[in-house]
Amino acid sequence: MADPVHTTTQVVRFQHCDPAGIVFYPRYFEMLNLTVEEFFEQTAGWSFHRMHEELKTSVPTVHIETDFTEVSRLEDRLDFRLRISRLGGRSLDLSIVALCGAEQRLSARITLVCVDFIKKHAVPWPEPLRKLLEPLSEG
C-alpha cells in the first residue's frame, strides 16, 4: 500500500460509543467524513466552505464501502490514513484505513463527485483543485 497523502488522529469519545462501550458503526462514517474534510482543508488547501464560496462546488460522497475489522473503545486514538486511489474527470476515489497503534480497525473505499453547488449536477474538477489533486493521486 502506498504512503498516505493525509493522516489525522481522532480520539474515540463518549459520543461515539454505544452502551457496550464500543464505537457505534455509524459514528465511523462521521469520522471518515471528518478525515475527508480535513484532507481537503489541510492538504489540498481548499476547505469545504472555500470550495462552496469560490468555486461554487461541493464534493458529496456517492459510494462508500467499509470493512470493520476490530472494535474501538472509549479513548482509543485512531489514525486515519487517506490515499487517493483514482482521480477521474468528475470523481475521486479514496482509500482510508483507521489504525489504533499497529492494529487496523477499519478500511473504507469512498467515491466523491465534484458537483456544481448551484445547479446540483456533476461537473469536471475545477482547475485549481485538479492541479492539487493530480500529483497526490496513485492512478
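Let me sum up the structure you'll find in this document.

### A closer look at unusual backbone geometry
At step 1: You will see that Lys56, though not glycine, has its phi angle at about 55°, which is positive.
At step 2: By the secondary structure assignment, Lys56 is in the loop between α2 (48-55) and β2 (57-58).
At step 3: You can call Lys56 partly exposed: its relative accessible area is 38%.
At step 4: Of note, the phi angle at Glu75 is positive, near 75°, even though the residue is not glycine.

### A few points about the nonpolar core
At step 1: Judged by nonpolar contacts, the single largest core of 34 residues is most densely connected at Val36, Phe40 and Leu92.
At step 2: Among the secondary structure elements, those contributing two or more residues to this core are α1 (25-43), α2, β4 (77-87), β5 (91-100), β6 (103-113) and α3 (127-133).
At step 3: In terms of residue count, the dominant contributor to this core is α1 (six residues).
At step 4: Not counting residues within four places of it along the chain, the set of residues in contact with Val36 comprises Phe48, Leu82, Leu94, Ile96, Ile110 and Leu112.

### Topic: the pattern of salt bridges
At step 1: Summed over all chains, the structure comprises nine salt bridges.
At step 2: In this structure, the salt-bridge partner of Asp76 is Arg105, at a minimum N-O distance of 2.8 Å. You can see Asp76 sitting in the loop between β3 (61-68) and β4 and its partner Arg105 sitting in strand β6, a full 29 residues away along the chain.
At step 3: Overall, the relative accessible area of 7% leaves Arg105 in the buried class.
At step 4: The shortest N-O distance in the salt bridge between Glu103 and Arg105 comes to 2.7 Å.
At step 5: Judged by relative accessible area, which is 35%, Glu103 ranks as partly exposed.
At step 6: Members of the salt-bridge network, linked through shared partners, are Glu65, Asp67 and Arg109.

Cut-offs applied
Residues numbered from 1 in each chain as written. Predicted model: local features only at pLDDT ≥ 70, side-chain atom pairs only at ≥ 80, totals over all residues. Heavy atoms only, no water. Helix = DSSP H or I, 4+ residues; strand = E, 2+ residues; numbered from the N terminus. Buried < 20%, exposed > 50% of the residue type's maximum accessible area, 1.4 Å probe, protein only. Core = buried A, V, L, I, M, F, W, Y, C linked by side-chain atoms within 4.5 Å. Contact = heavy atoms within 4.5 Å. Salt bridge = Lys/Arg side-chain N within 4 Å of Asp/Glu carboxyl O.

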